[in-house]
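Breakdown of the fold
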Amino acid sequence: MTKDNILADLQPIFHDIFDDESIVVTNATNAEEIEDWDSLSHIRLVVAIEKHFDIKFAFGELQELKNVGEMIDLIAEKLEED
Amino acid sequence: MLFNSYEFLFLFLPIVLGGYFFFGGMKGKSRLANVWLVLASLFFYSYWNVKYLPLLLASIGLNYLISGYILRYRKAKMKGAAQKAFWLGIVFNAGLLGFYKYTDFFIENLDLLGANLPLLHIILPLGISFFTITQMVFLVDCYEEVAKERNLIDYALFVSFFPHLLAGPILYHKSMMKQFADEKLRWVDWENMARGFVLFVIGLAKKVIIADSFVKYVGIGYDNDTSTLTFFDAWLTALCYMTQLFFDFSGYSDMAVGLARMMNIKIPINFNSPYRAYGIIDFWSRFHMSLTTTITNYLYTPMVMNCKKITFPKAMLATFSAMFIAGIWHGAGWTFVVFGAIHGMGLVVNHVWKKFHFWMWRPLGYALTLLTVLIGDVFFRAKSIGDALNMLTAMTGANGFLWHPKVADFLNNHLAFSLESNPHIYSDFPKLAFMSAILLVAFVPSSNEIIKKLALNRKIAWAVGIILAIIIMLIRDKDTEFIYFQF
């Protein structure tokens, strides 16, 4: 799965979690830009991504996931491991 | 050793930096630079009291040993054994912290319930809360196979690295190990040196010029009979402490980040203009940020993830519990329990407000945030719950008003009021520091923003030099400890 594919898959997940169809996720999107991206929605986002890609994140990786670019890198890394 | 002392500024820092870059530049042997930093950090720690050095070493050694087992079992797919080793490590760390930090508090409360046990008067070893939490987080990272690199020297450096050893910022193994392994970082980079040094001086100024100006006035208010406080002096004392706490701790954190940067090591920033926060959630994303991140990722998230179905009430319970535990982590005492509860409630109310899109007038939101923090800080500083309640009672005006004589005379003479006054409660109030602090908090960008954009030229060099000279004169007769060293 390419990183572009991952980004495309993330789009609807973000729309669903933040209940906002107008969000356009890019590699540069981060938690500061989306107002509702707080600790609670972060967990819901992480759980949704884990389920969609069938991967598991460590607690020590949660911080990297606050930035979509790093998030995609990490997802790609995990998908390759499998 | 304190960052704001002559020993540190004129001996320790230049020698350590010199040694670091000297060894770092040696071909094939530049790893000696890390050994040098470990030795320097252990000396830094022992300078306060060498008696506690074995404790620090034992903590580092045992955690390293246990983490080795966790990783080995994980690799061999022996999950059960890894889990056992992991919990052994967690119990060891929690036990160590529990013994040193909470034993006397526990005995005190048993005595209140009728037991008659003598207190042990255990002295809290410096930095223990920080090096314990750092290593507990590290064990979780090992168990989840995020922390894989094995090197005793680098591990010892990760825990003991002197800029962060005593009061954070809390570091993560993965990002530090990458940096400690990179030999290019052991060469002088003048841009990092300059920006790191300026950040260090800004932190030093926050501590020595501003925070320390409040020590006396805050002490008069909190450490004497708090039942004699009246409206104005209670408010001024509470506001002074809130200001002191921020300038003291963010000053320390700036110094830590600046010192690390001078050695080309990046450690996370800890403050981002917290008193400009809108809401308690926002406040904690700007105040002691490394603690918030740690608590969120390693305490709150596991609690929420453990629920089969994540619901809003469960998440709120986890939010409150995590903040409550963070409160008690600060210190053993009922005041810290209340501090944790106030902020836990603040977070929950804030989340509920957001979820249901309740209306809020923006200026009121800012004011309520600061007021919540102010009330929390009263408990944070007061020596007992009784003292804190006295302070808050006085702040409501229930103990009367004693005006500044000038104001009282003016109003009494011109408007026929009969206001009481008392010059003594105003005589030690640090007017200048207070006014400057308010202006800084309200209008000046955070120190990390300043450092990012700072043009490095001769004018700035002069300004920094002059500030440093003033600081050096100010610390001549008093180098005061940092508030967070007691935690």
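Cut-off values and rules
Residues numbered from 1 in each chain as written. Chains lettered and ligands numbered in written order. Predicted model: local features only at pLDDT ≥ 70, side-chain atom pairs only at ≥ 80, totals over all residues. Heavy atoms only, no water. Contact = heavy atoms within 4.5 Å. Buried area = accessible area lost by both parts, 1.4 Å probe. Salt bridge = Lys/Arg side-chain N within 4 Å of Asp/Glu carboxyl O. Polar contact = N/O pair within 3.5 Å; in protein donor to acceptor, adjacent residues only side chain to side chain. Helix = DSSP H or I, 4+ residues; strand = E, 2+ residues; numbered from the N terminus. Domains from an automatic or database assignment. Nonpolar A, V, L, I, M, F, W, Y, C, P; charged D, E, K, R; others polar. Expected span 1.5 Å × (residues − 1). Buried < 20%, exposed > 50% of the residue type's maximum accessible area, 1.4 Å probe, protein only. Phe/Tyr/Trp six-rings, centres within 6.5 Å; stacked < 30°, edge-to-face > 60°. Lys NZ or Arg CZ within 6 Å of the ring centre and 35° of its normal. 1 Å grid on protein atoms, 1.4 Å probe; cavity = no way out; pocket = protein on both sides within 12 Å on 5 of 7 lines; lining within 4 Å. Points joined across faces, edges and corners; volume = space filled by probe spheres on them. Axes fitted to C-alpha atoms, helices over the stretch in contact; angles between N-to-C directions. Parallel < 35°, antiparallel > 145°, perpendicular 65-115°, else oblique.

Size of an interface, as often reported, equals the accessible area lost when the parts are brought together. At the interface, 20 residues of chain B touch 15 residues of chain A. For chain B, the biggest contributors to the area lost against chain A are B:E144, B:N297 and B:M305; these three give 29% of the whole. Inspection of the chain B/chain A interface yields two salt bridges. For B:K174, the salt bridge identified is with A:E64, shortest N-O distance 3.2 Å. Where chain B touches chain A, the interface holds four residue pairs in polar contact (both at pLDDT 80 or more). Only α5 (128–143), α13 (289–305), α14 (312–330) and α15 (334–355) of chain B provide two or more residues apiece to the side of chain B that touches chain A.

Okay, the domain arrangement of chain B next. Residue and element names in this part refer to chain B. What the domain assignment reports for chain B is domain 1 (6–188) and domain 2 (196–476). Each side of the interface is counted separately: domain 1 has 36 residues, and domain 2 has 32 residues. Carbon and sulfur atoms supply 73% of the area that domain 1 and domain 2 bury against each other, a total of about 3,000 Å² over both sides. Summed over the shared surface of domain 1 and domain 2, the result is zero salt bridges. Elements represented by at least two residues in the side of domain 1 that touches domain 2 include exactly α1 (6–24), α4 (79–112), α5, α7 (162–165) and α8 (173–181). Looking at the side of domain 1 that touches domain 2, the element that brings in the most residues is α1, giving eight residues. Looking at the side of domain 1 that touches domain 2, its residues break down into 29 nonpolar, five polar and two charged.

We now examine helix α3 (residues 68–81) of chain A. All names here are of chain A. End to end, α3 covers 20 Å across 14 residues, agreeing with the expected 20 Å (1.5 Å per residue, within 8%). By the burial criterion, the buried members of α3 are V68, G69, M71, I72, L74, I75, A76 and K78. Tucked inside the fold, the buried residues of α3 contact α1 (3–18) and α2 (39–53). Residue N67 occupies the N-cap position of α3, its side-chain oxygen lying 2.9 Å from the main-chain nitrogen of G69.

What follows covers the environment of B:I451. Residue and element names in this part refer to chain B. Residue position: I451 is located in helix α21 (residues 447–453). Along the chain, I451 and V198 lie 253 residues apart, while their C-alpha atoms are 7.4 Å from each other. Among all residues touching I451, those that are not within four sequence positions of it are R195, V198, L199, I202 and R261.

What follows deals with the side chain of B:Q179. Residues and elements named next belong to chain B. Mapped onto the elements of the fold, Q179 is located in helix α8. A distance of 3.4 Å separates a polar atom in the side chain of Q179 from the backbone oxygen of S175. With near-sequence residues (within four places) excluded, Q179 lies in contact with L185, N264, I265 and K266.

All names here are of chain B. Looking at the secondary structure, you find N264 in the loop between α11 (231–262) and α12 (280–284). Polar contacts involving the side chain of N264 include one to the side chain of N192, which spans 3.0 Å. Residues contacting N264, with those up to four places away along its chain left out, are F21, Q179, L185, W187, D189 and N192.

All names here are of chain B. Going through the model one piece at a time under the given rule, you end up with 65 aromatic pairs over all chains. A centroid spacing of 5.1 Å and a plane angle of 90° characterise the contact between F12 and F162, whose relative ring orientation is edge-to-face. Here F12 is found in helix α1, whereas its partner F162 is found in helix α7, with 150 residues between them in sequence. Considered together, F12 and F162 belong to a single accessibility category, that of buried residues. With centroids separated by 5.5 Å and ring planes inclined at 80°, the aromatic side chains of F336 and F380 adopt a geometry described as edge-to-face. Remark: F380 occurs in helix α16 (residues 362–381) and F336 occurs in helix α15; sequence separation between them is 44 residues. Across the pair, F380 and F336 agree in class, each one buried. Its guanidinium or amino end placed over the ring of F356, K355 lies 6.0 Å from that ring's centre, counting from NZ or CZ.

What follows is about empty space enclosed by the protein. Take a probe with the size of a water molecule and roll it over the atoms, and the empty space left behind shows itself. Residues and elements named next belong to chain B. With the rule as written, the count across this model stands at three cavities of 30 Å³ or more. Of the voids in this model, the largest cavity is the one considered here, and its volume is about 50 Å³. Taken together, L245, F283, W284, F287, H330, F339, H343, V373, D377, F380 and Y484 make up the lining of the largest cavity. Only α12, α15 and α16 provide two or more residues apiece to the lining of the largest cavity. When residues of the lining of the largest cavity are assigned to their parent elements, the largest contribution, three residues, is made by α16.

To continue, consider the pattern of salt bridges. Residues and elements named next belong to chain B. Going through the model one piece at a time under the given rule, you end up with 17 salt bridges over all chains. The salt bridge partner of D254 is K206, with a shortest N-O separation of 2.8 Å. Of this pair, D254 sits in helix α11 while K206 sits in helix α9 (residues 190–210), and the two are 48 residues apart along the sequence. The exposure class assigned to D254 is buried, which follows from its relative accessible area of 3%. Note on K206: relative accessible area 13%, which makes it buried. Here R286 ties to D282 by a salt bridge, and the two come within 3.2 Å at their closest N and O atoms. Residue classification places D282 among the partly exposed residues on the basis of a relative accessible area of 22%. In the salt-bridge network here, residues are joined through shared partners; they are K207, D212 and D248.

Relative orientation and spacing of two packed helices are given, respectively, by the angle between their axes and the distance between those axes. Residue and element names in this part refer to chain B. Contact pair α4 / α5: the axes reach a minimum separation of 10 Å and the direction vectors enclose 175°. By the angle between their directions, the pair α4 and α5 is classed as roughly antiparallel. Residues K79, A82, Q83, F86, G89, I90, N93, A94, L96, L97, Y100 and K101 of α4 lie in contact with α5, whose contacting residues are I128, S129, T132, Q135, M136, L139, V140 and Y143. In terms of residue class, the contact of α4 with α5 is built from 12 nonpolar, six polar and two charged.

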